[in-house]
Amino acid sequence: MLFAKYRDDGPAELLEVCWLDVSGEMPVTKGKTYEVSFMLSMNTKNSFGWDDPVTVMARIGKEGKYQRKEINLLDLSGEVKEFPPDKCRIEFKSDENAKNDKETLYFGLYEMWTNKWKGGLRIHEAIVQEIPAGNNDPPPNTRSDESRGKEIAAHDD
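Residues numbered from 1 in each chain as written. Predicted model: local features only at pLDDT ≥ 70, side-chain atom pairs only at ≥ 80, totals over all residues. Heavy atoms only, no water.

1. Let's talk about the environment of Met 39
Mapped onto the elements of the fold, Met 39 is located in strand β4 (residues 33-42). As for Met 39 and Val 80, which are separated by 41 residues in sequence, their C-alpha atoms are 6.2 Å apart. (Helix = DSSP H or I, 4+ residues; strand = E, 2+ residues; numbered from the N terminus.)

This is the structure:
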């Protein structure tokens, strides 16, 4: 069942979900580092159930090890903000996946462990940004056309 509303002219809004599973994938290049984040806001009139943190996760290949960042959405307002603020960073080491068949980044925004109902979250976009070589500092928390990720849709698996 889908308990989310998606409009072509705006964000996907979670009306009432028990499991939050918003995911995407994209091709990546060995030896590169990527950061994943989401642009989020809250329908403050109809939000509920966000007492537990949600998790941004990313991995290389379907069997890769996840990198995780928990985020607290209790104070999220109607203003669109990027989460997590320190982003979820994953490095595709050149010695990994020698078969060259797993050059896909899988990423998502999840909360499916508490089985609590929640609603009001607005998901505006996912951002996957390649980090230049030798740059260990996180980039500033600003949006740009170059850092926009592929569009996502909220779904309840």
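2. Re the nonpolar core
Counting residues in each nonpolar core, the largest one holds 29 residues, and the members touching the most others are Val 36, Phe 38, Leu 40, Leu 73, Leu 105, Leu 109 and Leu 121. Residue assignment for this core shows that the elements contributing at least two residues are β3 (20-27), β4, β5 (54-60), β7 (81-91), β8 (104-111) and β9 (121-131). The biggest single contributor to this core is β4, with five residues. In contact with Leu 40, not counting residues within four places along its chain, are Ile 71, Leu 73, Leu 76, Glu 79, Val 80, Lys 81, Phe 83, Leu 109, Leu 121, Arg 122, Ile 123 and His 124. (Core = buried A, V, L, I, M, F, W, Y, C linked by side-chain atoms within 4.5 Å. Buried < 20%, exposed > 50% of the residue type's maximum accessible area, 1.4 Å probe, protein only. Contact = heavy atoms within 4.5 Å.)

3. Concerning the pairing of β5
With seven of seven residues buried, β5 lies mostly within the body of the structure. Along β5, one buried face is formed by Val 54, Val 56, Ala 58 and Ile 60 and the opposite face, lined by Thr 55, Met 57 and Arg 59, is buried too. Between β5 and the antiparallel strand that follows it, strand β6 (residues 67-71), lie six residues; Gly 61 among them carries a positive phi value of about 75°. Where β5 lies against β8, six bridges are found, and the strand directions are antiparallel. Its bridge partner being in β8, Val 56 is matched across the sheet by Leu 109. (Pairing = 2+ DSSP bridges.)

4. What to know about the pattern of salt bridges
A complete count under the given rule lists seven salt bridges for this structure. Put simply, Arg 89 and Glu 35 hold a salt bridge, and the shortest N to O gap is 2.8 Å. In this pair, Arg 89 is assigned in strand β7 and Glu 35 in strand β4, connecting sequence segments 54 residues apart. According to the relative accessible area criterion, Arg 89 is partly exposed, its value standing at 25%. According to the relative accessible area criterion, Glu 35 is buried, its value standing at 2%. Measuring nitrogen to oxygen at the nearest pair gives 3.0 Å for the salt bridge that ties Asp 86 to Lys 69. Of this pair, Asp 86 sits in strand β7 while Lys 69 sits in strand β6, and the two are 17 residues apart along the sequence. On the accessibility criterion, Lys 69 (25% relative accessible area) is partly exposed. (Salt bridge = Lys/Arg side-chain N within 4 Å of Asp/Glu carboxyl O.)

5. Here's the deal with the sheet that holds β5
In a beta sheet, neighbouring strands pair by backbone hydrogen bonds and run either parallel or antiparallel. Spatial strand order, β3-β8-β5-β6: four strands in an open sheet with antiparallel pairing. One side of each edge strand has no neighbouring strand; the edge strands of this open sheet are β3 and β6. Averaged over all pairs of adjacent strands, the angle between their axes in this sheet comes to 15°, without regard to strand direction. (Axes fitted to C-alpha atoms, helices over the stretch in contact; angles between N-to-C directions.)

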